[in-house]
Amino acid sequence: MKKHNFYAGPSIMPQYTNLQVIEAIKDFAGTGLSIMEVSHRSKEFVAVMDSAVAHVKELLDVPAGYSVIFLGGGASLQFAMVPMNMFEKKAAYINTGEWAGKAIKEARLFGEVVEVASSKDHNFNYIPKNFDVPADADYFHFTTNNTIYGTEWKKDPDVSVPLVADMSSDIFSRPIDVSKYSIIYGGAQKNLAPAGVTFVIIKDSALGRVTRPIPTMLNYKTHIDKESMFNTPPVLPVFAALKTLEWLKQKGGVDAMHKINMEKAALLYDEIERNKLFVPTVPDPEDRSLMNVCFVMSENYKEIEKEFAAYAKLKGMVGIEGHRSVGGFRASLYNALPIESVKALVECMKEFANKY
Ligand SMILES: *Cc1c(COP(=O)(O)O)cnc(C)c1O
């Protein structure tokens, strides 16, 4: 039976990416060798790295004066690498969930962290609207899409200090104004590539402002100067990232993808609102994520949650159980998820509701 992959991460990849990876494992770029067996300094792989960087710059309209690098360590290492490179006296963070909280925890190792707002009072089911960022903060950090709670910032915030964003789970899903940011980072395993590679987009002029010595591997400048080849990069995930970027470009880029993503999310949120069995966990439609749609059983139907889970599984739905800190269900609608899968889930919710 056809499986519909709603996993939150690692998550669905374009079929194009999967097939191209298979080919490259058999014979990479006509070398007669597997991509897993070639030097990262071979001209064939250097071309992959260069093209991946060029695609990121083109698709996100990255202005001059910015660098794009690919690293290991996941978004979680960036929680520490950002302050290591940016934090001198004070930094401002907004707490919109578990990932934001983990970033804050690392930043506190470096000095005073001002938590400008938090949505913890309602289990992170909204994006705080009114907050002040101290003008003397070295930077302001936020999480654009809160993968676990299903909230998302729909536009780039305006702040007077350097802006840093964890975009792990919504990069390339919608247009962004890169010129507003000093650093954008994320793990690739949500919307770009298999696990193992992390992307970082850095405004070059934002670096060099801290006085501490920075270990070589944790210094952005090392990786910028060596074009992500200071040490061995995650070769296979970078190749896969390039293939996803090619696919995205062929689909019309982030604007076209954003349109489809809005359509996909609307289909599912509308059904959740309409269907008496379910309620969305994020009350304000403005704050609802296009990428991770969270919902629970409505008050009178709590006891049939497991039944719905089993029914959905039977219908080929994979990975829709909610994160343990929210419960219920979470359907992740990343770029690679076809609208047909959303329609199948909506159909499944309708059929199940007909029994009650
Ligand atoms: C998944 C995720 C992370 C963690 O990424 P790793 O690459 O596993 O470290 C961080 N932030 C957000 C928003 C995420 O969705």
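Residues numbered from 1 in each chain as written. Predicted model: local features only at pLDDT ≥ 70, side-chain atom pairs only at ≥ 80, totals over all residues. Heavy atoms only, no water.

Student: Got a minute to help me understand the domain arrangement of the protein in this structure?
Tutor: Size of an interface: often given as the accessible area lost when the parts come together. Taken domain by domain, the protein comprises domain 1 (4-11 + 253-354) and domain 2 (15-250). The gap between the C-alpha centroids of domain 1 and domain 2 is 26 Å. The interface of domain 1 with domain 2 comprises 31 residues on the first partner and 29 residues on the second. For the pair domain 1 and domain 2, the two sides together bury roughly 2300 Å², of which 52% comes from carbon and sulfur. The largest share of the area that domain 1 buries against domain 2 comes from Val254, Asp287 and Asn335, three residues that together contribute 25% of it. (Domains from an automatic or database assignment. Contact = heavy atoms within 4.5 Å. Buried area = accessible area lost by both parts, 1.4 Å probe.)

Student: Would you mind going over the sheet that holds strand β2 (residues 66-71) with me for this structure?
Tutor: Strands in a sheet are paired, the pairing made by backbone hydrogen bonds, and the direction either parallel or antiparallel. Judged by pairing direction, the sheet is mixed, and its 7 strands sit side by side in the order β2-β10-β9-β8-β5-β3-β4 without closing on themselves. Each edge of the sheet is formed by a strand with only one pairing partner; in this case those strands are β2 and β4 (112-118). Ignoring strand direction, the axes of neighbouring strands in this sheet form an average angle of 15°. Across the sheet, helix α2 (residues 43-59) is in contact with β2 and β10 (198-203); its angle to β2 comes to roughly 130°. Packed onto the sheet, helix α4 (residues 98-107) meets β3 (90-95), β4, β5 (140-143) and β8 (163-166) and runs at close to 160° relative to β3. (Pairing = 2+ DSSP bridges. Helix = DSSP H or I, 4+ residues; strand = E, 2+ residues; numbered from the N terminus. Axes fitted to C-alpha atoms, helices over the stretch in contact; angles between N-to-C directions.)

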